Amino acid sequence: MAAALERDGDGGTPGAQLVARLTESGETVACAESLTAGLVAATIAGTPGASVVLLGGVVAYAAEVKTRLLEVPAELVAKVGTVDPAVAVAMAEGVRRRLGSTWGLSTTGVAGPGPSEGKPAGTVHIAVAGPSGTVTRPLELNGTRAQIRSATVDAVLRLAVHESGATRRTPTPPSGARGTVGLSGHPDGGSASDRTTPAT
């Protein structure tokens, strides 16, 4: 799993690619993390020059932190728990809104070693919120606790790199659009059907 975070053959690690892309476009990023507990932000910060794009992050391990600081609806958590794609979407949108960043990244899931909320270890949801809406991906990961967390970091950064590039190819929706959950099977790509659509 660690090898996945090494050089990618296209400008370095996903973290370095994201820093380069956002620096070039004058955009910023903030992170909302549950199971990764700050590893996403730390990975971004590992790239020289990251201070230009990384505004900060919220480690929201507890449900009450998700609802209080990230404004995840308490009724949503009561209904579906914290390991859910809708929660990942709300976390990404919440940190983007609270920190005023161009992009909001989120991770929520079960790192293990045992199950949580009735879901097995390796059940993870990631999301990226940005100018064109919010995209979420389900992950089913195997390995140790450390490997699951590392793979989650890699996946959300790859999704952020993809989405930050896709923004330049798609029109920005009206300001204030909120998303509903869209699912896809792979963090590297996705089609238009994976993107959340404005709520009505």
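Owing to the predicted nature of the structure, the values given are computational and were not obtained by experimental measurement.

### With respect to the pattern of salt bridges
Then step 1. Tallying each qualifying case throughout the model produces 3 salt bridges.
Then step 2. The partner of Glu71 in a salt bridge is Arg98, with the nearest N and O atoms 3.8 Å apart. Of the two residues, Glu71 sits in the loop between α3 (63-69) and α4 (74-80) while Arg98 sits in helix α5 (residues 85-99), which places them 27 residues apart along the sequence.
Then step 3. Judged by relative accessible area, Glu71 falls into the partly exposed class, the value being 38%.
Then step 4. With relative accessibility at 44%, the residue Arg98 sits in the partly exposed group.
Then step 5. Linking Arg158 and Asp154 is a salt bridge whose minimum nitrogen-to-oxygen distance equals 2.9 Å. Placement of the pair is Arg158 and Asp154 together in helix α6 (residues 145-166), with a separation of 4 residues, close to one helical turn.
Then step 6. Here Arg158 falls in the buried class, since its relative accessible area comes to 18%.
Then step 7. Each of the salt bridges in this network shares a partner with another, and the network as a whole consists of Glu71, Arg97 and Arg98.

The rules behind these values
Residues numbered from 1 in each chain as written. Predicted model: local features only at pLDDT ≥ 70, side-chain atom pairs only at ≥ 80, totals over all residues. Heavy atoms only, no water. Salt bridge = Lys/Arg side-chain N within 4 Å of Asp/Glu carboxyl O. Helix = DSSP H or I, 4+ residues; strand = E, 2+ residues; numbered from the N terminus. Buried < 20%, exposed > 50% of the residue type's maximum accessible area, 1.4 Å probe, protein only.

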